[in-house]
Amino acid sequence: MSVKVLKQFSHDEVEKHNKEGDLWVIIDAKVYDLSRFADLHPGGANVLYTDSVAGRDATQVFFGLHRHEVLLRPQYARLQIGTILGHEESIKAPRPGELSQVPYAEPSWLSRGYYSAYYSDNHRKFQTEIRKFVETIIKPESTRCEESGKKISQEVVDKLAETNIIAMRLGPGSHLKGRTLMSGIVKPEEFDYFHEAIIHMELARVSSRAFIDGLLAGLVIGLPPVLNYGKPELQTKVVPDALVGKKYVALAISEAFAGSDVGGLQTTAVRDGDYWIITGTKKWITNGVFADYFTTGCRTEDGFTVILIERGPGVSTKQIKTAYSATAGTAYVTFDKVRVPVSNTLGQVGRGMQVILSNFNHERWMVTATSISAQRLAVEESLKWANQRIVFGKPLTSQAVIRAKLANMICRIEASQNWFEMVTFQMNKMNYNQQSDKLAGPIGLMKQFVSRAGRETAEDATQVFGGRALTVTGMGKFIENYHRTSGFDAILAGAEDVLADLGVRQAIKKMPRDARL
């Protein structure tokens, strides 16, 4: 295949090509021939013939309308015919794995010149490789699935399994023993919650809110009860296939009758010899459309019980339309007299609340991690846009009201990050029982603070971007998506008000009896 030879031109040479049928422009020291493209321009040909564009350096005009990624698309990159003599491009194509140099675009531990008491050199190496992976493998898949509404492809799932990212998203534990993690960068016994947090945050950085859930989030929250409470033979059947992406799992707790009120569930399991006969419905079940197993909350004669139900006769699912993409596989699940072996019971009969509550801390912590990452990206996008957008002849950052919004966004994300890292450090130091005792309240309060901060940041970012934040494609596409879907963080894994109340009730419970003013 022949390599296209690019010529060098002077500004004067380019300026001669400024009319219909003979149209050149300069964008960041690169010369493009738009003569045949003009009539195909999505915004119409006339905008290309204006005095500020035709035959001119249209860099500022271009970046006021388009993202840099447009120039990198093959159909537009091939329009380049040369460069400007003595000049070089200043806006480089991003390299997989590199860090952003925009202030506050990265957490402080990844920012040049800053230090951290929590992260080691191994965490930094791990983060670099995870970012390379998600930018080359996950990001294109996220874009495709967000637009099509289709579930993640098996090809990408297989790549997640090859690196053991699926297993690592469940956190530290015996399930990692004997596995090679990210080509051996970190040993299973050294893997900690900060490593796991890096995975969640890097995935969220390149994924839409819907795709983060579609990226087997159901397994992340639905498989731990099997690992922690399932009988050995059940674990042997389910866990290996799930961790290599051959089988999918969903957590099926919520119903139309009961969401945060787990005690109000109406799905029933009636004992019939060595089987449960399960009847009922579940709603808003993440990954339920394509799940093979459902970790299901049921009412039994002895109380609330959790049972693993395999997809089969009597199990049906249908997609629920929500505010985010169908790629999440959000489902309405019906169990119609499903026969399930009693050996599929997770934990003790009637003690299901313990099984579910033990799972909530990690799930809420994970949702907090992805929310923080998405908010940080919103800060980066807003800082970039405010810096390059020209209004009244000056950058948008010259407006005090915009700077105030940016200040609030930065304060919220830094507060959220620091709270999250403190909790994560405690998780590393505490055993499971200590986490359950000491962190349920703080994690609940942290999640409600972070999700509320997210919605406030979504509003501020929308004001910074203006009308572009209302458009699904183009300059404000990320802000539009985040503004539309940030509310999911406020509901999934526990509604804000419920979690805030949980945190306060936990604090009141631990009040010393002799505490007085």
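Refer to the structure printed above.
Sequence order as written defines the numbering, with residues in each chain counted from 1. Local features in this predicted model are restricted to residues of pLDDT 70 or higher, and side-chain atom pairs are both shown and tallied only at a pLDDT of 80 or more, whereas totals for entire chains, interfaces and linings draw on every residue. Remark: hydrogens and water are excluded; side-chain values derive from all non-hydrogen atoms of the structure.

A. Structural context of the overall build of the protein chain. Where helices and strands are cited, they refer to DSSP runs of H or I of at least four residues and of E of at least two residues respectively, numbered from the N terminus. Secondary structure assignment for the protein chain yields 19 helices and 15 strands. Between the two quantities, the radius of gyration covers C-alpha atoms and the globule rule is 2.2 Å times the number of residues to the power 0.38. Taken against the 2.2 N^0.38 rule, which gives 24 Å for 517 residues, the C-alpha radius of gyration of the protein chain at 26 Å falls within 12% of a compact globule. Principal-axis analysis of the C-alpha atoms places the extent of the protein chain at approximately 90 × 65 × 45 Å. Relative accessible area decides the class of each residue, using a 1.4 Å probe on protein chains only: under 20% of the type maximum gives buried, over 50% gives exposed, and in between gives partly exposed. By the burial criterion, 51% of the 517 residues in the protein chain qualify as buried. Of the charged side chains in the protein chain, 63 are positive and 56 negative, and the gap between their average positions amounts to 2 Å. Positive charges are assigned to Lys and Arg, negative charges to Asp and Glu, while His and the chain termini are left out of the count. A charge is said to be at NZ when it belongs to Lys, at CZ for Arg, at CG for Asp and at CD for Glu.

B. Quick peek at the pairing of strand E12 (residues 331-341). The criterion for strand pairing is that DSSP finds at least two bridges linking the strands in question. Note that strand E8 (residues 275-285) and E12 share eight bridges and pair antiparallel. Looking at the pairing, Ile-277 lines up with Arg-339 of E12. Two strands pair when backbone bridges link them, and strand E11 (residues 315-319) and E12 are joined in this way by five bridges, in the antiparallel orientation. The partner of Ser-316 across the bridge, within E12, is Thr-334.

C. Local environment of the nonpolar core. Grouped together as the largest cluster of nonpolar side chains are 101 residues, with contacts concentrated most on Phe-126, Ile-138, Leu-160, Met-168, Leu-223 and Trp-365. Top element by residues in this core is helix H13 (residues 352-388). It accounts for 14 residues. Contacts were defined at the residue level, with two residues in contact if any of their heavy atoms lie within 4.5 Å. The contact partners of Ile-138, leaving out residues within four places of it in the chain, are Phe-133, Val-156, Leu-160, Leu-203, Val-206, Ser-207, Phe-211 and Leu-215. Working definition of a nonpolar core: buried Ala, Val, Leu, Ile, Met, Phe, Trp, Tyr and Cys residues. They are joined through side-chain atoms within 4.5 Å.

D. Layout of the sheet that holds strand E4 (residues 30-33). A sheet is described by the order of its strands in space; here five strands give the open sequence E1-E5-E4-E3-E2, paired in mixed fashion. Of all the strands in the sheet, just strand E1 (7-9) and strand E2 (18-19) have a single pairing partner and so form its edges.

E. The packing of H13 against helix H14 (residues 400-429), seen in detail. Interhelical geometry of H13 versus H14 gives an angle of 155° and a closest axis separation of 10 Å. One finds that H13 runs roughly antiparallel with respect to H14. Judged by the sense of rotation from one axis to the other, the crossing of H13 with H14 is left-handed. When H13 is examined against H14, the residues Trp-365, Thr-368, Ala-369, Ile-372, Gln-375, Arg-376, Ala-378, Val-379, Ser-382, Leu-383 and Ala-386 are found in contact with a partner set consisting of Ile-402, Leu-406, Met-409, Ile-410, Ile-413, Glu-414, Ser-416, Gln-417, Phe-420, Val-423, Thr-424 and Met-427. In terms of residue class, the contact of H13 with H14 is built from 15 nonpolar, six polar and two charged. Simply put, an axis is a line fit to the C-alpha atoms, just over the touching stretch for a helix, and the angle between two N-to-C directions goes from 0 to 180 degrees. Every angle not falling under 35 degrees, over 145, or within 65 to 115 is termed oblique; those three ranges are roughly parallel, roughly antiparallel and roughly perpendicular. For a crossing to be left-handed, the near helix must be turned anticlockwise from the far one by less than a right angle; the clockwise case is right-handed. Any residue that is not Ala, Val, Leu, Ile, Met, Phe, Trp, Tyr, Cys, Pro, Asp, Glu, Lys or Arg is counted as polar, Gly included; the first ten are nonpolar and the last four charged.

F. Spotlight on a nonpolar patch on the surface. Any residue with relative accessible area above 30% and no salt bridge may belong to a patch, with like charges joined within 9 Å and the nonpolar Val, Leu, Ile, Met, Phe, Trp and Tyr side chains within 5 Å. Here, Shrake-Rupley sampling with a 1.4 Å probe gives the accessible areas, and only protein chains in the shown set may cover a residue. For this document, the term salt bridge refers to a Lys or Arg side-chain nitrogen within 4 Å of an Asp or Glu carboxyl oxygen. Taken together, Val-504, Ile-508 and Met-511 make up a surface patch of nonpolar side chains, about 300 Å² in accessible area. Within the fold, Val-504 resides in helix H19 (residues 496-509).

G. Representation of the pattern of salt bridges in the model. The full count for this structure, using the stated rule, is 31 salt bridges. A salt bridge links Asp-272 to Arg-339, with the nearest nitrogen and oxygen atoms 3.1 Å apart. Note that Asp-272 is positioned in strand E7 (residues 268-272) and Arg-339 in strand E12, a separation of 67 residues in sequence. Note on Asp-272: relative accessible area 40%, which makes it partly exposed. Since its relative accessible area comes to 47%, Arg-339 is described here as partly exposed. Glu-380 serves as the salt-bridge partner of Lys-384, at 3.3 Å between the closest nitrogen and oxygen. You can see Lys-384 and its partner Glu-380 sitting in helix H13, four residues apart, about one turn around the helix. Its relative accessible area of 39% is what places Lys-384 among the partly exposed residues. The class for Glu-380 is buried, based on a relative accessible area of 6%. Residues joined by salt bridges that share partners form a network here, namely Arg-67, Glu-69, Arg-73, Glu-381 and Lys-477.

Geometry only, nothing functional implied.
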